Amino acid sequence: MRVLFATWAEPGHLYPLVQLAWACQAAGHQVRFATPPACAPAVARAGLIGMPVGQDVAVAQIRGRADLAPWRSFGRWPAGWASRPDLLDDGHRTVLAALADKQFTVADAMADDLIAFGRAWQPDVVVHDSLTFAGPLVAAVLGVPAVGHSWGSATVIRIETDGLGSELRPGYRELFERHGADPERGPLGWFDPCPPSLRLPDPTPRRRIPVRHVPYNGPGLLPRWLHTEPGRPRVCVTAGVAGGKIDPDRLPDVLTRALAALTALDVEVVLAVGAAQAGRLGGLPDGVRVAESLPMTALLPTCAAVVHHGGFGTGLTAAAHGVPQLVLPQMPISAEIGERLAHVGAGLLPAPDEQHDPAVIGAAVAALLDEPRHRKAAAALREEMLAEPTPAERVAVLVDAVS
């Protein structure tokens, strides 16, 4: 089988696809990974064969559009909004329309090159991130099946539909029609790495294909201190790396706020950062370690708790290792995993007007460390994830789609 993977961004949208791509290769299938040029080096670092397509337009879209500012800003939307779009007001719907338009622009920038590559390589099936609309487009043009892949959200968020419902937006239809493709020819289903207890029902019926989240957070080298027993509970603090590309001149607030709170506790603090963030840290208090570009799947098993920004990659990696979590969301979508973790007891999510308070952050971390219920809930969530089918087992879904 020839399997064409496609995504529009890294790391949050690339990394969830890597394990399935590896599994396809290990099963003897040929794999190619199509991405915009900026994402191609991350594909190569994952040991996959990449195909850069189109132009890099996503970051410029995010930075330059005033109608997307509310999405990149601190704030909360109604809990469970992706499952209950009736909870959204006109302002929320305007932001979703802008997000959809941004993704149509990204897909359009990828389309010509991706279709040309598809016609030359002739894949049997396309696997795409659920926001990479160039994926179902190339599949429709070539007449081959497509399967979407979520990044771990509690629902399959289909912003290409009006109001997250069933009616396709005009921009999506126009994208397909420009290339002579049928916009109604959608994915056969969506691989879903979200653990069952964290899932919410989708607004409209969709075929969700459960798959275990097996963490991949990029390559790295282990520091010597990582596997020495810390004298105090080790707490990881991270803000992810994606946000640094949008606002590279500013150190994320999550790092500075959490550091101020945790230095008052008897814990070992590890700041997990990318290279650009590491260069902006400045002087740090004694006992604070910096883990630069260290894969979270190597760091988190040594930690008693993690404080993070609400990224699904960080959240699901921590869940896979049974680590209790404190989520300090920086944008509406990143509150979702905090809400779901708090619902099952494996994490905490402060109220919006409290998450900037060092005393609240410190008390929440102390609760994660001291109250057994959080550790038990995190361990139960890990066991639930281990019961899901592995990416290797889900290669059969693609074989069946081609048969």
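A brief report on the enclosed structure follows. (Residues numbered from 1 in each chain as written. Predicted model: local features only at pLDDT ≥ 70, side-chain atom pairs only at ≥ 80, totals over all residues. Heavy atoms only, no water.)

Structural notes on the packing of helix α5 (residues 134–142) against helix α6 (residues 170–178)
(1) Moving on: Look at α5 against α6: their axes get within 10 Å of each other, and the N-to-C directions meet at 40°. Relative to α6, the element α5 is oriented oblique. Judged by the twist between their axes, the crossing of α5 over α6 is right-handed. Counted together, P136, L137 and A140 of α5 and Y172, L175 and F176 of α6 form the full contact between these two elements.
(2) Moving on: Of the residues assigned to the contact of α5 with α6, the class counts are six nonpolar, no polar and no charged. (Axes fitted to C-alpha atoms, helices over the stretch in contact; angles between N-to-C directions. Helix = DSSP H or I, 4+ residues; strand = E, 2+ residues; numbered from the N terminus. Parallel < 35°, antiparallel > 145°, perpendicular 65-115°, else oblique. Left-handed = near helix turned anticlockwise from the far one by under 90°. Contact = heavy atoms within 4.5 Å. Nonpolar A, V, L, I, M, F, W, Y, C, P; charged D, E, K, R; others polar.)

Brief notes about the packing of helix α8 (residues 253–262) against helix α13 (residues 358–370)
(1) Moving on: The N-to-C vectors of α8 and α13 enclose an angle of 70°; their axes lie 8 Å apart at closest approach. Classified by the angle their axes make, α8 and α13 are roughly perpendicular. Between α8 and α13 lies a crossing of right-handed hand. Where α8 approaches α13, its residues R257, A258, A261 and L262 are matched on the opposing element by P358, I361, G362 and V365.
(2) Moving on: For the contact of α8 with α13, the per-class residue count stands at six nonpolar, one polar and one charged.

Let's talk about the layout of surface pockets
(1) Moving on: What the second largest pocket holds in volume is close to 180 Å³.
(2) Moving on: Among the residues making up the lining of the second largest pocket, the classes are represented as six nonpolar, four polar and three charged. (1 Å grid on protein atoms, 1.4 Å probe; cavity = no way out; pocket = protein on both sides within 12 Å on 5 of 7 lines; lining within 4 Å. Points joined across faces, edges and corners; volume = space filled by probe spheres on them.)

Quick word on helix α4 (residues 90–121)
(1) Moving on: For α4, built from 32 residues, the straight-helix expectation of 46 Å at 1.5 Å per residue is met to within 8% by its first-to-last C-alpha distance of 44 Å.
(2) Moving on: The N-cap of α4, judged by a side-chain oxygen 3.0 Å from the amide nitrogen of G91 a few residues on, is D89.
(3) Moving on: Directly beyond the C-terminal end of α4, a positive phi value near 60° is found at Q122. (Expected span 1.5 Å × (residues − 1). Polar contact = N/O pair within 3.5 Å; in protein donor to acceptor, adjacent residues only side chain to side chain.)

A few points about the environment of L188
(1) Moving on: Examined against the element boundaries, L188 turns out to sit in the loop between α6 and β6 (190–192).
(2) Moving on: Considering only alpha carbons, one finds L188 and L398, 210 residues apart in sequence, at a separation of 10.0 Å.
(3) Moving on: Residues contacting L188, with those up to four places away along its chain left out, are P145, A146, R207 and A401.

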